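Read off the chains here:
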Amino acid sequence: MSLADFTIIIFSAFSRVISVPGFAPIFAEGQSLGSNKSNATYEARGGYVTTDDVATPAYRLRGRRMTIVPEQYVEIYDATLLVGDVPVFYWPYYRQTLE
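First things first, this report covers the structure right here in the doc.

Cut-offs applied
Residues numbered from 1 in each chain as written. Predicted model: local features only at pLDDT ≥ 70, side-chain atom pairs only at ≥ 80, totals over all residues. Heavy atoms only, no water. Pairing = 2+ DSSP bridges. Helix = DSSP H or I, 4+ residues; strand = E, 2+ residues; numbered from the N terminus. Core = buried A, V, L, I, M, F, W, Y, C linked by side-chain atoms within 4.5 Å. Buried < 20%, exposed > 50% of the residue type's maximum accessible area, 1.4 Å probe, protein only. Contact = heavy atoms within 4.5 Å. Phe/Tyr/Trp six-rings, centres within 6.5 Å; stacked < 30°, edge-to-face > 60°. Lys NZ or Arg CZ within 6 Å of the ring centre and 35° of its normal.

## Notes on the pairing of strand E6 (residues 59-69)
Pairing between strand E5 (residues 41-50) and E6: seven bridges, direction antiparallel. Residue pairing across strands places Val-49 opposite Leu-61, the latter belonging to E6. With nine bridges connecting them, E6 and strand E7 (residues 73-83) associate as antiparallel partners. Within the sheet, the bridge partner assigned to Tyr-59 lies in E7 and is Val-83. Adjacent in sequence and paired antiparallel, E6 and E7 are bridged by three residues, among which Glu-71 carries a positive phi angle near 70 degrees.

The following block contains the structure:
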């Protein structure tokens, strides 16, 4: 096994950025945000994800519970798409590939 066999996942608690070299970063914020090192997933409750890299994102997906698996997918329960602070669409379950 070599270093090439591992996926490098970087999470900054200060900036709330989840990034994988070679992929666009995902910004996340939530009431609780944690990671599971054994299966390289991130869990958030009562938060949102966005690829907009500003303090007040122009768009974001807010959800009751979400799971992020870098390089694979993001999954959100009770997902609401917000443009600014305006809710524009709701999904009971939303899953988006990150590949």
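## With respect to the nonpolar core
In terms of nonpolar packing, the biggest core is built from twelve residues, these being Ile-26, Ala-28, Tyr-42, Ala-44, Val-49, Leu-61, Met-66, Ile-68, Val-74, Ile-76, Ala-79 and Tyr-94. Of all the elements in the fold, those that place two or more residues in this core are strand E3 (26-29), E5, E6 and E7.

## Concerning the side chain of Thr-80
By the element assignment, Thr-80 lies in strand E7. Given a relative accessible area of 12%, Thr-80 falls into the buried group. Setting aside residues up to four positions removed in sequence, Thr-80 forms contacts with Arg-60, Leu-61, Arg-62, Pro-87, Phe-89 and Tyr-90.

## Considering the side chain of Arg-60
Tracing the chain through its elements places Arg-60 in strand E6. Take Arg-60: its relative accessible area is 14%, and that puts it in the buried class. Discounting residues that sit within four places of it in the chain, Arg-60 has contacts with Tyr-48, Val-49, Thr-50, Thr-80, Leu-81, Leu-82, Gly-84 and Asp-85.

## Brief notes about the packing of aromatic side chains
Taken as a whole, this structure holds three aromatic pairs when the rule is applied. Centroid distance Trp-91 to Tyr-94: 4.9 Å. Interplanar angle 50 degrees. Geometry classified as tilted. Classification of Trp-91 as partly exposed rests on a relative accessible area of 24%. Here a set of aromatic residues connected by ring pairs shows up, and it is made of Phe-89, Trp-91 and Tyr-94. Over the aromatic face of Tyr-48 sits the side chain of Arg-60, whose NZ or CZ is 5.2 Å from the ring centroid. Taking the ring centre of Tyr-73 as reference, the NZ or CZ of Arg-95 above it sits at 3.6 Å.

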